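Structural characterization, general
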Amino acid sequence: MRLQCPHCGPRGLAEFTYHGDATVQRPVDRGAGSSAAWADYVYLRDNKAGVHQEYWYHQAGCHAWLVVTRHMRSHEVMAVRAAMVRA
Amino acid sequence: MSGRRLATGGLIDRARPVDFSFDGKAYQGFAGDTLASALLANGVRLFGRSFKYHRPRGVLSDGVEEPNALVEWRDGARREANTRATVAEIFPGLAARSQNRFPSLKFDLLSVNNALAPLFAAGFYYKTFMWPASFWERVYEPLIRRAAGLGRNAGLADPDAYEAVNLFCDVLVIGGGKAGIAEAMAAARAGGRVLLCDERAGLGGQALSDGEAVDNGALAALPNLRIMNRTTVFGVYDGGVYGAVTRLTDHLPVHEAAGPRQRYCRIMATRAVLASGAIERPMVFAHNDRPGVMLAGAVRAYIHRYAVAPGARAVLFLNHDEAARTIPSMAGAGMAIAAVVDGRAASGAAVHDAAKAVGAPVFAGAAVTRALGRMGVTGAEIRGADGGMFRVACDIIAVSGGWNPALHLTSHLDGKPVWDDKIAAFIPGSLPPGMVVAGAAAGAGINEGIIPLWHVPSRPETSFVDFQNDVTVKDLTLAQQEGFGATEHVKRYTTLGMATDQGKTGNVNALGIMAGGCAMMGTTRFRPPYTPVAIGALAGAHRGMRFRPVRLTPTHGWAEAQGAMFTDAGLWKRAQYFPQGGEDWREAMVREVSAVRQSVGICDVTTLGKIDIQGPDAVAFLEFVYANGWRNLAVGRARYGLMLREDGFVMDDGTCARLGEWHFLMTTTTANAARVMQHLEFCHQVLRSDLDVRFASVTEAWAQVALAGPRARDVLARLVDDDADVSNEALPYMGVRAVRLRQGVPARVFRLSFSGELAYEIAVPARFGADLPAWLMASGADFGITPYGTEALGVMRIEKGHPAGAELNGQTTAHDLGLGRLLSKAKDYVGRAMSQRPALCDPARPGLVGLQPLDGVSPLRAGSHMLRPGAPANAAHDEGYVTSAAFSPTLGHPIALALLAGGVARQGETIRVYDPVRDGDALALVVNPVFYDPTGSRLRG
Amino acid sequence: MRYSALSVLKQALTGHKGWQPAWRDAVPAPHYDVVIIGGGGHGLATAFYLARDYDVGRIAVVERSWLGNGSIGRNTTIIRSNYLLPGNLPFYELSLKLWEGLERDINYNAMVSQRGVYNLFHSDMQRDAYARRGNAMRLHGIDAVLLDRAALRKTIPYLDYENARFPIQGALLQARGGTVRHDAVAWGYARAAAKLGVDIIQNCEVTGIRQMGGVAVGVETSRGYIGAGKIGMAVAGATSQVAAMAGLRLPIESHALQAFVSEAVKPLVDHVITFGAGHFYISQSDKGGLVFGGDIDGYNSYAARGNLPTIEDVCEGGMAMMPMLGRARLVRHWGGVMDMSMDGSPIIDKTPVTNLYLNAGWCYGGFKATPASGVCFAHLIAREAPHEVAVGYRLDRFAEGWVIDEKGSGAQPNLH
């Protein structure tokens, strides 16, 4: 598998590390401690057998976190973008 | 004696005779011979013994699909098991041996299995060997293991080297037969970068085996085409990545083999053309495994490629037109053709014409029912169209049941081959992205006029489907009878297709037999590699000392010169201790600790992760990633920082110094440096991109040395420029300053202490790191300044009760480590919410305590568990475990840190330290984990 | 027919005509008291123990493909109970004990081979971590021996002791650990369960879970609706998909784990050995193939295959540990889909949907758990309460924080 790093170009899998589902949203911490929303964020995943958005880190490259859209059965990579959205 | 070398022809180099041996006997062949062709030329028919029944076996094929003629290749540490004689090229001095036989190939004791074959039907072992239970490991299994297996691994380290390369191309052409050559030519002329890989020594493929001339001269003129011979593309992977191996020196004697043995290639190809040809199917009849039964295409290959007539008198058994080419080939080689047996009721003109031309009788609608002869074919039993049986004398039965496209690579990414009734073969189904298939691999031009003949029944039924694993038609029938009819069940129950050839000749016949005239079932899934690949090749250079890189600190050379012993810390080498005059590690450690506690010592701490953080929002960022607060840290000061994972457990700790208003330097533990960097990037790029902050790892940019001990300030004062004030007032505990050393080198001084003494960490740009220890040693010579290693460092941190790797094990919370007070209540930070879950705040959780032996001498060891004295030693009474332990030279007795249920509240209790795996059992007193200077007066002094 | 040496001999003399199908290939009935989804090792074992030990009425196992198509037929066959944490130790030890008696329980020789599992260590800290583990095992009444380098070298002389980047210092040995012929486990349980009246229904894919008022009442399948008093899920890599049919979201990701086998060679590796300085483990099958593997590929996947970086990593580990592997040839590598849980430990629990039970999260360690998983899941389904060795495998442990995290990797499945 290869990923098209938006900064470095197409690179082999060995340069990247994986983090997981990129659709989960970190709840706002209002100081109330753990809640169902937090447990969801940290632990629960859709884990669909289809198209998946996921975080990858270009560890041996530019250190960018990427959002990769990839199919879980074919491993086809449909899109790669930088995770960071600058204000 | 059966085969012989023809006087003329072939692609061998008759000017270069090659002497070699097989089973200790000397033979001669020619350059260009495989072991199979050379032995056949010498009249050898018996090559090996089969896996289960130890039946005598010869050569079936001329290619990678060979199930029978497997040998041990070379000697000593280079001995290689299961090498296919049909593709291995001979060289002068080669020693090859037959395998899976005892005491000799001709007389094999275990061929008794053949007589017991009825007992050893498919799956018999699942039904027996159950009593008594203890006999499985002691009796049955060793017997089975010894009988099974094929060749012997050398059992010695592989002495050869391997290398790996990355190759990029626009078009990868797999297979250098006629189709592959044409595809490569067309692709190269179109202008892209083209790679043409072929598994043999030269291009030409099946055409050469059929005696055709192949013109590939034009290829050489194309500069954008690279031909890689002896290269097998073994697998297809995601994203247009192909795995290949080039055999560089396997065909050479050791003394000529300069450089690596094999080269592993990762090929990145935009497009690929699979032109891998086809593999011929044997016929399934009684004793079809006898030496002398050979694929018709192989017979032609031995004649045309190697100028070897594999026999003197042949029977040809076929069911399609193309195999008729074998008739003129054999006749041209001077072989008599005793009979052409065509399984089809109406034999095609191709067969008739060819047979007529050489005067060979044709029996249409007939079948070979049995091979006669035991150690080799002596005749064929034939059933005529009228049902009448007769026998014909012969020493070769050339068989062709049609061809199977070599479509293996098309299914590596899940593509399912589909059955084509017209050519009675599986053809490629859906293809890997970017791949097309050409020539026979796509089913083109094969199996003209075929009428499938999957099996010729006979009694008793001794017809082999998978030769190497000795799977017979009876086994298939039994599997079906017992409910193992699904393709994968047959495979697993009978071991069909699981041998070194992975069913290349047997699987489709088996499916045909199982279908019994009904629609063909799907194939089992083809998996990489296409042909077996040496594990050494896939590992490349990463073995022995080169298994993983070595990271050296700038002071490494200096430490080496001091006679340091080194230890591994991740990839780093760190000085473990500096023995003097025959000291062992413990004596050295005691001396080094005492020197630091009493005077002064130095220790390289470069390996700690260092991350430079800058930006207007740097403080806000630290607030987010650390559990404790950062808002009030003054410039020129450092602070201990505790980092949690989002699940609330401790991730890492370290210090972070404020070098400027917007500028911080964070340190991490050595082990977690990369992980923390990645985590910070995640926190910033994904979670808090609103913060204006940047950071970079500067671990290798700075050499850092700890200077510790009561005399540390005196040494430091001599090290720095005269005008640099390093007094307690100017540089207090946790103070940070940029200074200039007397040598004119810029440096940073951090007043941090891991040892618990007055201590500094001095950082200089890495290029000065090699000199820094010597400067320090010179500055402290009259204080007896002493280099210390990680042993002493570790002991002093245990004396101080600092958590380190063994405590920061990913299973502990801030409360567990006695750091709960650091958790800020005033801000959002990573891990805050989840650190408040009930289980993480349970007061019964194990907490960090100190231990010291009641008797003052019993050693305590990390990894010991703790029990209440008098309680039974079982899991119900397990109260925790010892995380770190050492002999404390400062206190004069062993000490330990432990995670004990209930934690510090249990100070003063006696606990049993239980270590049955090392026969340890001692009583210890639970004490404060800070053994040394609990008020911290020394480090502040 | 009962399997025995005598029956094999008798059949051999009469042309093997008397063997019956190992299990009945059943046609689905309209309703069962218990339907187990998943005809893999865990599902079949659950059905067997349910039928043998409890009175729950009619039981069916539904399998979307052929029986044993999942991880039970793709794993590297290792059994052991050398765990670290109290939440896991009693469970895996029960499993090992059940393996030890399996042949008698199911009258099928699954070739349970207690050849010893050796975990190598390469540093003082790793030694102490293994001591912690070995001591925990001993406190649970499980065999564990800490070997130093000299003792290890005596038993396993062919490792790289002289020229290693990370020198081997010793090993933790569990002598009772070993290997089992994986397919035979599925077949043996299927045969034994069918004998007790369990319907085994192959090629029957569950496409929906029918609920009435928060109560599961049956499964929609490719072969029609099947009513069920209780439904047990034991579908490993497909857990999230089946759970989603009941509206559940789980702490599970599916990941690909690769496995490898070499050409068969004469006896070479007599034990199970795991490398401590990289991801690599190896044993040798009775047929002679060297069976080995390493880490998961590390990214979510439902494709039963992996990629080259992991293949290289595994082979590098192999060569670093035992350089005699260089000339052994890899003959096949494949992948399986692992239900990686968020703490690396399994879940055997009720779900928020009444009468729907969950058995999942086995990560890459489900094979060795097969018998105990069956016993505990059967207990849960029949008794409505967790088995005493599986009390920690609750679904709510994640929200509460009672995670069972052997590696200390946190909520990141690809690191477990």
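Position numbers for residues start from 1 in each chain and track the written sequence from start to end. The lettering of chains begins at A and the numbering of ligands begins at 1, in the order of writing. With pLDDT at 70 or above as the cut-off, local features in this predicted model cover only qualifying residues; side-chain atom pairs require 80 or more to be listed or tallied, and sums for whole chains, interfaces and linings still use all residues. Side-chain metrics rest on all non-hydrogen atoms present in the structure, leaving aside hydrogens and water.

**What about the overall build of chain A?**
Secondary structure elements follow DSSP: runs of H or I no shorter than four residues count as helices, runs of E no shorter than two count as strands, and numbering proceeds from the N terminus. Along its length, chain A carries one helix and six strands. The helix and strand sequence of chain A, counted from the amino end, reads β-β-β-α-β-β-β. Principal-axis analysis of the C-alpha atoms places the extent of chain A at approximately 45 × 30 × 20 Å. Counting across all 87 residues of chain A, residues that qualify as buried make up 49%. It only takes one pair of heavy atoms within 4.5 Å for two residues to be counted as in contact. Put simply, of all contacts in chain A between residues at least 6 apart along the chain, 44% involve residues at least 24 apart. For accessible areas, the Shrake-Rupley method is used with a probe of radius 1.4 Å. Any residue's cover is judged against the shown protein chains and nothing else. On chain A, roughly 3900 Å² of surface is accessible, and the fraction owed to carbon and sulfur atoms is 50%. In chain A, 10 side chains carry a positive charge and 7 a negative one; their mean positions are 4 Å apart. Each residue is assigned to one of three classes by its accessible area relative to the maximum for its type, calculated with a 1.4 Å probe on protein chains only: buried under 20%, partly exposed between the two thresholds, exposed over 50%. His is not counted, nor are the chain ends, whereas Lys and Arg count as positive and Asp and Glu as negative. Throughout, a charge is located at the NZ atom of Lys, the CZ atom of Arg, the CG atom of Asp or the CD atom of Glu.

**Digging into the overall build of chain C**
On a plain count of helices and strands, chain C comes out with 11 helices and 18 strands. Only the C-alpha atoms count toward the radius of gyration. The rule for a globule is 2.2 Å times the residue count to the power 0.38. Here the C-alpha radius of gyration of chain C, 21 Å, is about what a compact globule of 416 residues would show, namely 22 Å. Each principal axis of the C-alpha atoms in chain C carries an extent, and together these give about 65 × 65 × 40 Å. In chain C, which comprises 416 residues, the share counted as buried stands at 71%. A total of about 12100 Å² of accessible surface is found on chain C, and carbon and sulfur atoms cover 54% of it.

**Focus on the domain arrangement of chain C**
Residues and elements named next belong to chain C. Residue ranges for the domains originate in an automatic or database domain assignment. Here chain C is described as being made up of domain 1 (28–77 + 182–250 + 343–415) and domain 2 (115–173 + 253–341). Placing a centre on the C-alpha atoms of domain 1 and another on those of domain 2 gives a separation of 29 Å. Counting residues at the interface gives 20 residues for domain 1, matched by 22 residues for domain 2. A per-residue breakdown of the area domain 1 buries against domain 2 is headed by Arg-74, Thr-76 and Pro-413, which together make up 34% of the total. We define a salt bridge as a contact between a side-chain nitrogen of Lys or Arg and a carboxyl oxygen of Asp or Glu at a distance within 4 Å. Between the two partners, domain 1 and domain 2, sit one salt bridge. Take the accessible area each of two parts loses on contact, using a 1.4 Å probe, and add the two losses: that sum is the buried area.

**Notes on the interface of chain B and chain C**
Between chain B and chain C, the residue contacts involve 123 residues of the former and 110 residues of the latter. Between chain B and chain C the total buried area reaches about 9700 Å² when both faces are included, carbon and sulfur atoms providing 55% of it. Interface area lost by chain B to chain C is led by Tyr-126, Arg-145 and Ile-535 of chain B, which between them contribute 9%. Our enumeration of links across chain B and chain C arrives at 13 salt bridges. Pairs of N or O atoms are called polar contacts if they sit within 3.5 Å, as long as, within protein, a hydrogen donor faces a hydrogen acceptor (for residues adjacent in sequence, only side-chain-to-side-chain pairs). Between the two partners, chain B and chain C, sit 72 residue pairs in polar contact (both at pLDDT 80 or more). Ranked by residues supplied to the side of chain B that touches chain C, first place goes to helix H4 (residues 135–147) of chain B with seven residues. Think of it as three bins: nonpolar holds Ala, Val, Leu, Ile, Met, Phe, Trp, Tyr, Cys and Pro, charged holds Asp, Glu, Lys and Arg, and polar takes everything else, Gly as well. Per-class residue counts for the side of chain B that touches chain C are 59 nonpolar, 29 polar and 35 charged. Pairing of strand S31 (residues 533–534) of chain B with strand S16 (residues 329–341) of chain C involves two bridges; the strand directions are antiparallel. Bridged to Val-533 of chain B within S16 of chain C is Leu-330 of chain C. Paired strands, in this sense, are two strands between which DSSP finds at least two bridges.

**Considerations on the pairing of strand S22 (residues 379–383) of chain B**
Residue and element names in this part refer to chain B. By the criterion of burial, S22 is predominantly enclosed, with four of the five residues buried. Where strand S21 (residues 367–372) lies against S22, five bridges are found, and the strand directions are antiparallel. In the strand pairing of S22, Ala-371 is matched with Ala-380. Between S21 and S22, which pair antiparallel in sequence order, lie six residues; one of them, Gly-373, sits at a positive phi of approximately 100°. Of the pairings in the sheet, the one linking S22 to strand S23 (residues 389–393) comprises five bridges and is antiparallel in character. When the sheet's bridge partners are listed, Gly-379 is paired in S23 with Ala-393. Taken together, S22 and the strand that follows it, S23, pair antiparallel across an intervening segment of five residues, in which Gly-387 is found at a positive phi of about 90°.

**Considerations on the packing of helix H2 (residues 41–53) of chain C against helix H10 (residues 366–383) of chain C**
Residue and element names in this part refer to chain C. H10 packs onto H2 with a crossing angle of 45° between their chain directions and a minimal axis gap of 7 Å. Classified by the angle between their axes, H2 and H10 sit oblique to one another. Both H2 and H10 take part in a crossing whose hand is right-handed. Across the interface between the two elements, Gly-41, His-42, Ala-45, Thr-46, Tyr-49 and Leu-50 of H2 pack against Gly-366, Ala-369, Thr-370, Pro-371, Ser-373, Gly-374, Val-375, Phe-377, Ala-378, Ile-381 and Ala-382 of H10. Taken together, the residues of the contact of H2 with H10 break down into 10 nonpolar, seven polar and no charged. Only the stretch in contact is used when a helix axis is fitted, and all axes are lines through C-alpha atoms; the angle between N-to-C directions ranges over 0 to 180 degrees. Angles are sorted into four bins: roughly parallel if under 35 degrees, roughly antiparallel if over 145, roughly perpendicular if 65 to 115, and oblique for all others. The hand of a helix crossing depends on one turn: near helix anticlockwise from the far one by less than a right angle means left-handed, and clockwise means right-handed.

**A word on the packing of aromatic side chains**
Here a pair means two rings of Phe, Tyr or Trp (six-membered ring of Trp) with centres within 6.5 Å. Their orientation is stacked below 30 degrees between planes, edge-to-face above 60, and tilted elsewhere. Under the criterion given, the structure shown has 50 aromatic pairs over all chains. Ring geometry for Phe-129 of chain B versus Tyr-140 of chain B: centroids 4.9 Å apart, planes at 40°, classification tilted. Here Phe-129 of chain B, found in the loop between helix H3 (124–127) and H4, pairs with Tyr-140 of chain B, found in helix H4; they are 11 residues apart in sequence, far enough to count as distant. Residue classification places Phe-129 of chain B among the partly exposed residues on the basis of a relative accessible area of 21%. Aromatic side chains Tyr-83 of chain C and Tyr-92 of chain C sit 3.9 Å apart centroid to centroid with 5° between the ring planes, which places their arrangement in the stacked category. Accessibility classification places Tyr-83 of chain C together with Tyr-92 of chain C in one group, the buried group. The ring centre of Tyr-225 of chain C lies 3.7 Å from the NZ or CZ of Arg-210 of chain C, which sits over that ring. A ring has a charge above it when a Lys NZ or an Arg CZ is no more than 6 Å from the ring centre and no more than 35 degrees off the ring normal. One cation-aromatic arrangement involves Lys-287 of chain C over Phe-51 of chain B; the distance from NZ or CZ to the ring centre is 5.4 Å.

**Some thoughts on empty space enclosed by the protein**
Residue and element names in this part refer to chain B. Using protein atoms alone on a 1 Å grid, points that fit a 1.4 Å probe yet trap it form a cavity, whereas open point sets bounded by protein on both sides within 12 Å along at least five of seven lines form a pocket; residues with an atom within 4 Å of a point count as lining. Grid points are joined across faces, edges and corners, and a volume is the space filled by probe spheres set on the points. Under the criterion given, the structure shown has 12 cavities of 30 Å³ or more. Of the volumes computed, that of the largest cavity is approximately 170 Å³. Along the wall of the largest cavity there are 18 residues; nearest its centre are Thr-555, Ala-575, Phe-578, Cys-603 and Asp-604. Of all the secondary structure elements, the ones that give two or more residues to the lining of the largest cavity are helix H14 (556–561), strand S34 (572–577) and strand S35 (601–604). Of the residues belonging to the lining of the largest cavity, the class tally is 10 nonpolar, five polar and three charged. Volume-wise, the second largest cavity comes out at about 130 Å³. Forming the walls of the second largest cavity are Ile-279, Asn-404, Pro-405, Leu-407, His-408, Phe-426, Gly-503, Lys-504, Asn-507, Val-508, Thr-523 and Phe-526. Counting residues per element, the ones that place at least two in the lining of the second largest cavity are strand S25 (403–405) and helix H12 (507–515). Among the residues making up the lining of the second largest cavity, the classes are represented as six nonpolar, five polar and one charged.

**Description of the interface of chain B and chain A**
Where the parts come together, the accessible area they lose is often given as the size of the interface. The partner chain A presents 29 residues to the 29 residues of chain B that form the contact. Here chain B and chain A share an interface that buries about 2400 Å² over both sides, 54% of which is from carbon and sulfur atoms. Area buried by chain B at its contact with chain A is led by Asp-238, Gln-678 and Gln-685 of chain B, which between them contribute 24% of it. Note that Asp-828 of chain B is salt-bridged to Arg-26 of chain A, the shortest N-O span being 3.1 Å. Elements with a minimum of two residues in the side of chain B that touches chain A: helix H17 (673–687) and helix H21 (832–835) of chain B. The dominant element in the side of chain B that touches chain A, judged by the number of residues it contributes, is H17 of chain B, at nine residues. Residues that form the side of chain B that touches chain A fall into these classes: 13 nonpolar, seven polar and nine charged.

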